[in-house]
Each structure stands twice: as C-alpha cells, then as structure tokens.
Amino acid sequence: MKSYPFMAILILGLGISFNVNARLNIEITQGTASGVPIAVTSGYQETVTSHDGSPSFEEIAVVVRNDLKMCGRFAPLYPEQMPRLTSSQQEMAFGTWQKLGAENAVIGAIQQLSSNHYTVNVQLLDVYKGKTGLKEGPSNVLMNKSFRNVPKQDFRALAHHISDLIYEKLTGIRGAFSTRIAYVMVNSTMNGKRYRLEIADADGYNPITLVESREPIMSPSWSPDARRLAFVSFEKNRAEIYVIDVATGQRQLLSKFPGINGAPAWSKDGRQLALVLSKEGTPKIYLMDIATQQLTQLTQGYSIDTEPAWSVDSRSLYFTSNRGGKPQIYRMNIATRQVDRVTFVGNYNARPMLTPDGKYLVMMHREDNAGEFHIASQDLATGKVSVLTHARLDESPTLSPNGAMVLYGTQDGDRQILGLVTLDGRGQLRLPAREGSVQEPAWSPFLS
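What counts, and where the lines are drawn
Residue numbers here run from 1 along each chain, matching the order of that chain's written sequence. In view of the model being predicted, local features appear only for residues whose pLDDT reaches at least 70, and side-chain atom pairs are presented and counted only at 80 or more, with totals across whole chains, interfaces and linings using the full set of residues. Only heavy atoms go into the side-chain values, all of them from the structure, while hydrogens and water stay out. Each helix is a run of H or I in the DSSP string that is no shorter than four residues. Each strand is a run of E no shorter than two, and both are numbered from the N terminus. The buried label goes to any residue with under 20% of its type's maximum accessible area, the exposed label to any with over 50%, and the partly exposed label to all in between, with areas taken from a 1.4 Å probe on protein chains only. By the convention used here, residues are in contact when the closest approach between their heavy atoms is within 4.5 Å. At least two bridges found by DSSP between two strands is the condition for calling them paired. Orientation is described by lines fitted to C-alpha atoms, with helices fitted over the stretch in contact, and by angles between N-to-C directions that extend from 0 to 180 degrees. Salt-bridge detection follows one rule: a side-chain nitrogen of Lys or Arg within 4 Å of a carboxyl oxygen of Asp or Glu. Multiplying 1.5 Å by the helix residue count minus one yields the expected span of that helix. Here a cavity means grid points, on a 1 Å grid over the protein atoms only, where a 1.4 Å probe fits yet cannot get out; a pocket means an open set of points with protein on both sides within 12 Å along at least five of seven lines; lining residues are those with an atom within 4 Å of a point. Grid points are joined across faces, edges and corners, and a volume is the space filled by probe spheres set on the points. N or O atoms within 3.5 Å of each other form a polar contact, as long as, within protein, one can give a hydrogen and the other can take it, and as long as residues adjacent in sequence are counted only when both atoms are side-chain atoms.

**Q** Got a sec to walk through the overall build of the protein chain? Specific residues and values, please.
**A** A tally of regular secondary structure across the protein chain gives five helices and 29 strands. Burial status across the protein chain gives 54% buried among its 448 residues. Within the protein chain, contacts between residues separated by at least 24 positions form 46% of all contacts whose residues are at least 6 apart in sequence.

Spelled out as structure tokens, the structure:
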C-alpha cells in the first residue's frame, strides 16, 4: 500500500482482503438494548389465498426484520415468538404482541397473479389501538399498501422499500434501506493482492465489481444523483482520480498530477469536486470544475490540508489540517477564504462529514495519546462531542442519506470489518464480510 507521512491515516487507510464472489454478511454481533419490539409476520389472508408452491410473505418479512434491526431503533420479533394467525384467533395476536412488548405489527400477504407476478399487501398496525384491525377496524391501521405485478426477483427491493415506509411512518425520518454502499476489497492470491471497488445494496446483497486492480483503490465518493463514483486508483503506479458511471462502467480520468491526487468529494450540484493535490508541494484543497477540469486552489500555507467535506448549503468546506500542530477539523468559507477551527475536544479529529440537516459533524476522533480512534459526533451549535463507538481503531465514517446511521471501518481481531452505529449512539452493530476484510465504505445518496 502506498503511504505518505501523516496522510497514511488521513487519506490512504489500511489494507484489506476479500473473496471475489463473497458478499457482506450482515451478522449482527452487537445490538441495542433499547430497540422497540415490532412484529413482522404473515397475515391470515395469505394462508387462505396463496396458491400451492407460491412464495410466502416470510421471504419479504425476513429482509424487513433485518433492515429494522440494522437501523438500531427496533428489535423485530421472530416467527417462533409470534402467534400463527387463524380466522378465529386474530384478536389473540394483539394480546400476544402486547405481552412481548411490541408497539407495532407488520402483517403481509402475497397473492399470485401469474407465473411470476404477485400482489403484495402490507399493513402496519398500532398494537394498542383497537382490537379488530386485522378485520374491519381502521383505528389501528397506520399504513395499508398494496403492490401489484411484482416479479419474484424484485421481492428483496420491495422489502427494502417497505422497510423505508415503516421507518418513516414510525420515526418521521425518511428510510434509507433502498440505497447502496460502495467499498474497497482486496483478494489475497499467490501473486499478490487484487483490489476491487464494489457497490452493493445497503444490506450487503447484490454486490457488483466496478473496478479491479493489482494496485490500491481507495476513497470512493458518490455523486449526488448516485449514478457515478469518484475514486482514487494506483493502477498506473501513481495516484489518479477517476469518475466511473455505475450503470455502464465507463471511466473518466480527472486528475493525474505529480504527487497526491486524493480525497474527492462531490459538490451538492454534482458540478465540482473538492480534492487534495500536492502538485505544488504540501497537500492542499482544490476545487475542480468537472466539465472543464479547471482547478481553483482554496487552501494555502505549509500545513497538510486534506479530506474536504461540503457544508449543506455548499458555501463552506470542512477539512482536516495539522495547521494547529495536530490533525483537527476546520471550516473554510469558499467565497471569502476565511478559515475557522471547528474541533477542540480531543487531540486528533479527522474525516469530517456533515449530517443532512447541518447540525452535526461526524468524524474520526481520539481523546488522548492512547492510540485508540473512535467515531464521534459534534453538535455544531454547542460544540458538545459524543463518542459513538469504543473499539480500538474505528475509521472512515460515512453517513446514511437520512443522517440517522453511520457506517464505518473497524478492527475485528486480525481483520477489518464494517460497523454501524446510530447517530444517537443507542444502537451499534457489526457487519463482517464472510471472508477476509472490508473497509473504506461510502453510503450513497437516496436513489431516485
């Protein structure tokens, strides 16, 4: 792996390994004690109307449960915990759900329309409002959806969409399960390592390899429309920044200046990239107009400036710099070039990322010289810092597009895995790969 003084952590990251055909395994090894129980199960209607051999709603329910558990806010009940619904005992289900602590229940049914097309019906119920919602009482029905002509191969995508609807209905926050993640993997072989830039569904399924190389790939960054990825490649034995079209795989070389070409970050309108170049000596922040590839240098001086992140209004850039002696996060007003220090708690803060509402800064954080790095958030109004994770080496935070979850790289024994923590710190999960290690995650924007 290529490395630079000080930039080894700030830009390049750590080595990884992964099997070419493997996918992320959403193995939830650490959950939250405060998750709200929720039932997700098949309704009585399915047992009456389903054709022999047709799919069961359980195929969708298992994905929904996993989504809701992954977000940290819910503790889904599993089939063995829930009553089987019969025509004469439907009301008993409410009592059972209440005893199990569930506040809500999701019931669904699948009806076959043709050889490969189905209607999927889903209800979200308030367990404590009324007792006859499964039949005719509307008071406890929070959501009632019917999806027609759904091919079986789209069940998983529909399940994520259902999870989004449930999440938004119960929290008031848009769900982010129907999104994608990008990450970098390396397969160790007899001839060395092979690096891969991959994208997958937010839960790790349906992985697609976009780029494969014997040299490091790093710093994937999604365009605002989620159709392109910027990334850094060393496949020509030097750092270069490319943009790749996710649908076609077509690549465009944007930056190949001598020295460091790194840390690309898209502007909110998708017309500019903030990036780090060392073509004049010390790494500095630049803006590039993607259409013309014209550069504008933003930061000056002898300090190392890296890891730019756009503010919500696109008028400022947050970035990491050692201009105060140790890595801290600063904010530059793009119009005036005024720079202000943002972080003061801890002796190392890097990898800035802003929540969509602009209220919180998420970052890689170290309290003292003990050598442990965690993921933390800072309230930009009060300056209060909350440490969200507590492993030895947590790095590369990336936010879900709704700002509710943080995906990050962490260490698990001798390998690297992905961790997920809610922004309020209540729920924390680990998402290891089935083989090897995985890191450098980047969560996509909402998909259109």
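Right, picking up where we left off after that structure.
**Q** Describe the sheet that holds strand β10 (residues 228–233), and please don't skip the residues or the numbers.
**A** Here we have four strands laid out as an open sheet, ordered β9-β10-β11-β12, and antiparallel in their pairing. Both outer strands of the open sheet, β9 (217–222) and β12 (251–255), are each paired with one neighbouring strand and no more. Strand after strand, the sheet turns through a mean of 25° between neighbouring axes, direction not considered. Here six bridges tie β10 to strand β11 (residues 240–245), and the two strands are oriented antiparallel to one another. From the neighbouring strand, Ala230 faces β11, where its bridge partner is Val243.

**Q** Tell me about the pattern of salt bridges, residues and numbers included.
**A** Taken as a whole, this structure holds twelve salt bridges when the rule is applied. Of the charged contacts in the structure, one is a salt bridge between Glu240 and Arg238, with a shortest N-O distance of 2.9 Å. Overall, Glu240 belongs to the buried group, its relative accessible area being 0%. Under the relative-accessibility criterion, Arg238 is labelled partly exposed at 38%. The salt bridge involving Arg351 is made with Glu307; its shortest N-O contact spans 3.3 Å. Here Arg351, found in strand β21 (residues 348–354), pairs with Glu307, found in strand β17 (residues 305–310); they are 44 residues apart in sequence, far enough to count as distant. Exposure class is identical for Arg351 and Glu307. Each is buried. Salt bridges sharing common partners tie together Arg194, Arg196 and Glu212.

**Q** Outline the sheet that holds β21, supporting the account with residue identities and numerical values.
**A** Strands belonging to one sheet form pairs held by backbone hydrogen bonds; the direction of such a pair is parallel or antiparallel. Strand order in the open sheet formed by four strands is β21-β22-β23-β24, and the pairing between neighbours is antiparallel. The sheet terminates laterally at β21 and β24 (385–387), the two strands that pair on one side only. Shown here is a sheet whose adjacent strand axes are inclined to one another by a mean of 30°, direction ignored.

**Q** Give a description of the side chain of Gln411 that names residues and reports values.
**A** One can find Gln411 in strand β26 (residues 405–412). Beyond its immediate sequence surroundings of up to four residues, Gln411 is in contact with Arg392, Leu393, Gln416 and Arg430.

**Q** Break down helix α5 (residues 155–171) for me, citing the residues and quoting the values.
**A** Relative to the 24 Å expected for 17 residues at 1.5 Å per residue, α5 spans 24 Å between its end C-alpha atoms, a close match to the ideal helical length. Among all positions in α5, only Phe155, Leu158, Ala159, His160, Ile162, Ser163, Asp164, Ile166 and Tyr167 are buried. Positive backbone phi, at 80°, marks Gly172, one or two positions downstream of α5.

**Q** Can you explain the layout of surface pockets? Please cite residues and give values.
**A** In this structure, the largest pocket spans a volume of roughly 990 Å³. Among the elements of the structure, α1 (7–12), β9, β13 (261–266), β17, β21, β25 (394–399) and β29 (439–443) are those that each provide at least two residues to the lining of the largest pocket.

**Q** Just give me the short version of the environment of Ser400, but keep the residues and values in it.
**A** Looking at where Ser400 falls in the secondary structure, it is placed in the loop between β25 and β26. Judged by its relative accessible area of 1%, Ser400 falls in the buried class. Expressed as a C-alpha distance, the spacing of Ser400 and Ser444, which sit 44 residues apart in the sequence, is 7.3 Å. In contact with Ser400, other than residues within four places in its own chain, are Ala176, Met405 and Trp443. For Ser400, the side chain forms a polar contact with the main-chain nitrogen of Ala404, separated by 3.3 Å.

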